[in-house]
Amino acid sequence: MKDRIARLILDAARTAFDKGQLPSATFEEVVIETPKHQQHGDFATNFALVSAKAQKMAPRKIAEILVANLADHDGIFAAVEIAGPGFINFHLRPEAWYPVLDEIHDRKLEYGASDLGQGRKVQVEFVSSNPTGPLHVGHGRGAAVGDAVANLLAFCGYDVQKEYYINDSGRQIRTLGLSVWLRGAELAGEQVDFPEDCYQGDYIRDIAGQLRELKGDQLFRQQTDEAVMECARFATDQIISGIRNDLERFGVVFDQWFSEQSLYDSGEYERIVSQLEQEGVIYRKDDALWFRTSSFGDEKDRVVVRANGQPTYFASDIAYHRNKFERGFETVIDVWGADHHGYIPRLTAAVEAMGYRREQFKVILVQLVNLLRGGKPVAMSTRAGQFVTLADVIDEVGTDAARFIFLTRDTSSPLDFDLELAKQKSNDNPVYYVQYVHARICSIMAKAAERGIDTPRPAGGGGLQLDTPEEIALIKTLARYPEAVATAAERMEPHRVTFFLMDLAARFHAYYNKHRVLTEDRQLTLSRLHLVEAVKLVIHNGLNLLGVSAPTKM
RNA sequence: GCGCCUGUAGCUCAGCUGGAUAGAGCAACGGACUUCUAAUCCGUAGGUCGCAGGUUCGAGUCCUGCCAGGCGUACCA
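Procedures and definitions
- Within any chain, residue numbers begin from 1 and follow the written order of that chain's sequence.
- Chain letters and ligand numbers both follow the written order, the letters beginning at A and the numbers at 1.
- Local features are withheld for residues below a pLDDT of 70 in this predicted model, meaning they are given only at 70 or higher, and side-chain atom pairs are given and counted only at 80 or more; totals for whole chains, interfaces and linings count all residues.
- Side-chain measures here rest on the full set of heavy atoms in the structure, leaving out hydrogens and waters.
- Helix numbers and strand numbers start at the N terminus; a helix is a DSSP run of H or I with at least 4 residues, a strand a run of E with at least 2.
- Burial classes: relative accessible area under 20% of the type maximum marks a residue as buried, over 50% as exposed, and values in between as partly exposed (1.4 Å probe, protein chains only).
- We call two residues contacting when some pair of their heavy atoms lies within 4.5 Å.
- For the purpose of counting charges, residues Lys and Arg are taken to be positive, whereas Asp and Glu are taken to be negative. His and the chain ends are not included.
- By convention, charge coordinates are those of NZ in Lys, CZ in Arg, CG in Asp, or CD in Glu.
- A molecule or strand has a residue near it when one of that residue's heavy atoms lies within 4 Å.
- Any pair of nitrogen or oxygen atoms within 3.5 Å is treated as a polar contact; in protein, a donor-acceptor pairing is required on top of that, and neighbouring residues in sequence qualify only through side-chain atoms on both sides.
- In summary, the pairing rule links any two rings of Phe, Tyr or Trp, Trp by its six-membered ring, whose centres are within 6.5 Å, and it sorts them by plane angle into stacked for under 30 degrees, edge-to-face for over 60 and tilted for everything else.
- The rule is short: NZ of Lys or CZ of Arg within 6 Å of the ring centre and within 35 degrees of the ring normal puts a charge over the ring.
- Strand pairing follows a simple DSSP-based rule, namely that at least 2 bridges must link the two strands.
- Helix axes are fitted to C-alpha atoms over the stretch in contact, other axes to C-alpha atoms as well, and angles between N-to-C directions run from 0 to 180 degrees.
- We define a salt bridge as a side-chain nitrogen of Lys or Arg found within 4 Å of a carboxyl oxygen belonging to Asp or Glu.
- The labels follow the angle: roughly parallel below 35 degrees, roughly antiparallel above 145, roughly perpendicular from 65 to 115, and oblique for the rest.
- In this count, Pro and Cys sit with the nonpolar residues alongside Ala, Val, Leu, Ile, Met, Phe, Trp and Tyr, while Asp, Glu, Lys and Arg are called charged and the others, Gly among them, polar.
- Among the buried residues, those of types Ala, Val, Leu, Ile, Met, Phe, Trp, Tyr and Cys that are joined through side-chain atoms within 4.5 Å form a nonpolar core.
- An automatic or database domain assignment supplies the start and end points of every domain.
- A clockwise turn of the near helix away from the far one marks a right-handed crossing, whereas an anticlockwise turn of less than a right angle marks a left-handed crossing.
- Expected helix span is taken as 1.5 Å per residue step, with the number of steps being one fewer than the number of residues.

Caption draft 1: The overall build of chain A, seen in detail. On a plain count of helices and strands, chain A comes out with 19 helices and 15 strands. The proportion of buried residues among the 554 residues of chain A is 51%. A sequence separation of at least 24 residues applies to 72% of the contacts in chain A between residues at least 6 apart. Distance from the positive charge centre (63 side chains) to the negative charge centre (77 side chains) of chain A: 4 Å.

Following this line, the structure appears as structure tokens:
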């Protein structure tokens, strides 16, 4: 609709120029916006204002000329008026909106999908929690955000891959192995001194128990490197499968699980480091290997391989990101916890040093989650092994509520997650508010079917009787959906979809309370069913993108 | 010290990359269920958009400085 109006304005400008009413033929881009206030019409443009300079004419005067030359052949405008300093406001006739409903019925759950990405390959890597313990609430937010962003991009025509990076190498894995071994030895009756820097959680003991059942006490008699590494491998596998299971329950399925260790095993890591060393991007100093990140915008150079020969995390991240680009992804998106933000300049520098554009690497920073119960903070300490896991949250409040709440805020602001509130099936809980719309409409449909009202599509726009303010407001909201989705995808801000859905839900509930869908008037009833079915489709559509279900009953 | 994020109604937050009179929800107060699901709706009240400058026709939005909170600033992960 915006494009259509923009074209009309541009045509009017050209006509005016041909007639000699406007002095310049170079026109600014026509931007059509939806005003905040209903009195300012359905659409408005500041075109006259921005053209004032080029046309050397007062904005209002330009606006008058444009309006006089406007050729509204289809009669979509009820009124066009000039307001304020030179805004042109467009009021549409109700019927002008009807085609939106047809489009929704045609495309169903594809309404709003677009070709914005033109099939470009994009990878979204998220969660990627270390396989040293179960996922907690914070990971849940990252999972919800990453998954929704990936869904949005796919919906907008990108070729998207979801990936989980497993940090199955390095010291924390050894520590994990040691922790399990010690607990195993304990279970085997040995006296052990469990160090503080080992993993404290109960799950370590469980894993040790399982391993002991499999292998017997033999493994825990002597603390050899081999025994510890066996424990590490077993524990990693156990934990990863637990994580995978939690994520599946949370509705997140990855296309690929990528092992850090594989970068070393395949020799890929070696290859890249030596190549970068040849290029002079990596150099040796004080027995360590350094990356010249400061030449690419980082505040100082960073260590890649420590003096003791151990590679840092940064080392494998360099190799990993190179690997991503070599797999053909045009854009690589990482979802990180906000506490890692200091890492961005470093990795961006590395990406650029390897010959890619910095815009090809994007990081979504997700702020922390404060877990509350009834308004009071829930104590969480990873050190002491006491934390509320994602699995606990799913058990207590369910996947739908958790995912939706995680997406009710911009990722850059911290989120209070109140377990009590999340469980509440009330006003305070926006998930149910939105889902309720879907359930209500399903109920109307069922009732309609019961009364033998088949729901054939009312013929064309002509037959529709939708003219109450609530109905028009609903259709206008539905019309905004494609733009909301596109903006959410472009800016990687899934919360826009959430807010859109809450807005649409509010308008539906208002409508529902004021008007009956099933009436004595057959034509009116069919029209309203047509509208309400479209609302149902868009709610379902949006919830799909967020990874939240659309229940038919509540 | 430096860097990133945040600061909007009593509380929790939106604000569509600069538009017109700043919006929701909760909490408060007053109303609406013999009707298609009240997990809903309608109404009232609530604001120096942290503070001070600047940019321009126009700033919650952009630039600078300051204040407050969070996070980070390793040859940790």
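Caption draft 2: Representation of the protein's contact with RNA strand B. Taken together, 62 residues sit near RNA strand B, with Gln172, His341, Tyr433, Tyr436 and Ser443 positioned nearest. Counting only the atoms of RNA strand B that lie within 4 Å of the protein, the sugar and phosphate share comes to 63%. Asp410 has a polar backbone atom sitting 3.0 Å from a phosphate oxygen of RNA strand B. For the surface near RNA strand B, the secondary structure elements donating two or more residues are β4 (87–92), α6 (171–187), β9 (288–291), α16 (430–450) and α18 (495–514). If you tally residues by element for the surface near RNA strand B, the top one is α16, at eight residues.

Caption draft 3: Examining the packing of aromatic side chains more closely. The tally for this structure, following the rule as stated, stands at 21 aromatic pairs. Between Phe508 and Tyr512, the aromatic rings sit 5.8 Å apart at their centres with planes inclined by 45 degrees, giving tilted as the arrangement. Taken as a pair, Phe508 and Tyr512 lie in helix α18 at a separation of four residues, close to a single helical turn. Take Phe508: its relative accessible area is 0%, and that puts it in the buried class. Here Tyr512 falls in the partly exposed class, since its relative accessible area comes to 34%. One aromatic cluster is present, built from ring pairs that chain together Phe291, Phe314, Trp336, Tyr343 and Phe361. Over the ring of Phe250 we find Arg403, and its NZ or CZ is 5.5 Å from the ring centre.

Caption draft 4: Main features of the sheet that holds strand β5 (residues 121–125). Read from one edge of the open sheet, five strands run β7-β6-β5-β11-β12, paired in parallel fashion. Edge positions in the open sheet fall to β7 (256–259) and β12 (361–366), since each of these has one partner strand only. Going from strand to strand, the sheet's axes swing by 25 degrees on average, the running direction of each strand aside. Judged from the five bridges that link them, β5 and strand β6 (residues 159–166) form a sheet pairing that is parallel. Pairing of Val122 across the sheet is with Val160, part of β6.

Caption draft 5: Spotlight on the pattern of salt bridges. Taken as a whole and assessed by the stated rule, the structure comprises 34 salt bridges. One salt bridge in this structure joins Arg507 and Asp503, with 3.5 Å as the shortest N-O distance. Taken as a pair, Arg507 and Asp503 lie in helix α18 at a separation of four residues, close to a single helical turn.

Caption draft 6: Geometry of the packing of α6 against helix α8 (residues 225–249). As a packed pair, α6 and α8 sit with axes 7 Å apart at the nearest point and diverge in direction by 100 degrees. Of the possible angle classes, the one that applies to α6 and α8 is roughly perpendicular. Residues Ile173, Arg174, Leu176, Gly177, Leu178, Val180 and Trp181 of α6 form the contact with α8, whose participating residues are Asp225, Ala227, Val228, Met229, Cys231, Ala232, Ala235, Thr236 and Ile239. A breakdown of the residues in the contact of α6 with α8 according to their chemical character gives twelve nonpolar, two polar and two charged.

Caption draft 7: Region of the structure containing unusual backbone geometry. Residues other than glycine seldom take positive phi values, yet Lys108 does so here, at roughly 50 degrees. Relative to the helices and strands, Lys108 is located in the loop between α4 (94–107) and β5. Of note, the phi angle at Met492 is positive, near 55 degrees, even though the residue is not glycine. On the secondary structure map, Met492 appears in the loop between α17 (469–490) and α18. For Met492, a relative accessible area of 14% corresponds to the buried category.

Caption draft 8: Geometry of the nonpolar core. One finds Leu247, Phe417 and Leu478 to be the most contacted residues of the largest nonpolar core, which totals 145 residues. If one sorts the elements of this core by residue count, helix α19 (residues 522–546) sits on top with twelve residues. Both of domain 1 (2–92) and domain 2 (98–116 + 426–546) provide at least three residues apiece to this core. Filtering out sequence-adjacent residues up to four positions away, Phe417 remains in contact with Val369, Asn370, Leu371, Leu372, Val393, Val397, Ala402, Ile405, Phe406 and Ala422. By size, the runner-up hydrophobic cluster in this structure holds 30 residues, among which are Tyr165, Tyr269, Val273 and Val332.

Caption draft 9: Structural detail: the sheet that holds strand β3 (residues 77–83). Strands sit in the order β1-β2-β4-β3 across an open sheet of four strands; the sheet is antiparallel. Every other strand in the sheet has two partners, leaving β1 (32–33) and β3 as the edge strands with one partner each.

Caption draft 10: A look at the domain arrangement of chain A. Domain annotation of chain A identifies domain 1 (2–92) and domain 2 (98–116 + 426–546). Here the C-alpha centroids of domain 1 and domain 2 sit 31 Å apart.

Caption draft 11: The arrangement of the packing of helix α2 (residues 47–55) against helix α3 (residues 59–68) in detail. For the pair α2 and α3, the least separation of the axes is 8 Å and the interaxial angle reads 110 degrees. The angle between α2 and α3 places the two elements in the roughly perpendicular class. Between α2 and α3 lies a crossing of right-handed hand. Contact residues: Phe47, Ala48, Leu49, Ser51, Ala52 and Gln55 in α2; Pro59, Ile62, Ala63 and Leu66 in α3. Of the residues in the contact of α2 with α3, the class split is eight nonpolar, two polar and no charged.

Caption draft 12: α19, seen in detail. For α19, spanning 25 residues, the distance from its first C-alpha to its last is 36 Å, which sits close to the expected 36 Å at 1.5 Å a residue. For α19, the buried fraction is high: 21 of the 25 residues fall into the buried class. The N-cap of α19, judged by a side-chain oxygen 3.0 Å from the amide nitrogen of Gln523 a few residues on, is Asp521. Taken from the residues just after α19, Gly547 is the one with a positive phi, measuring 80 degrees.

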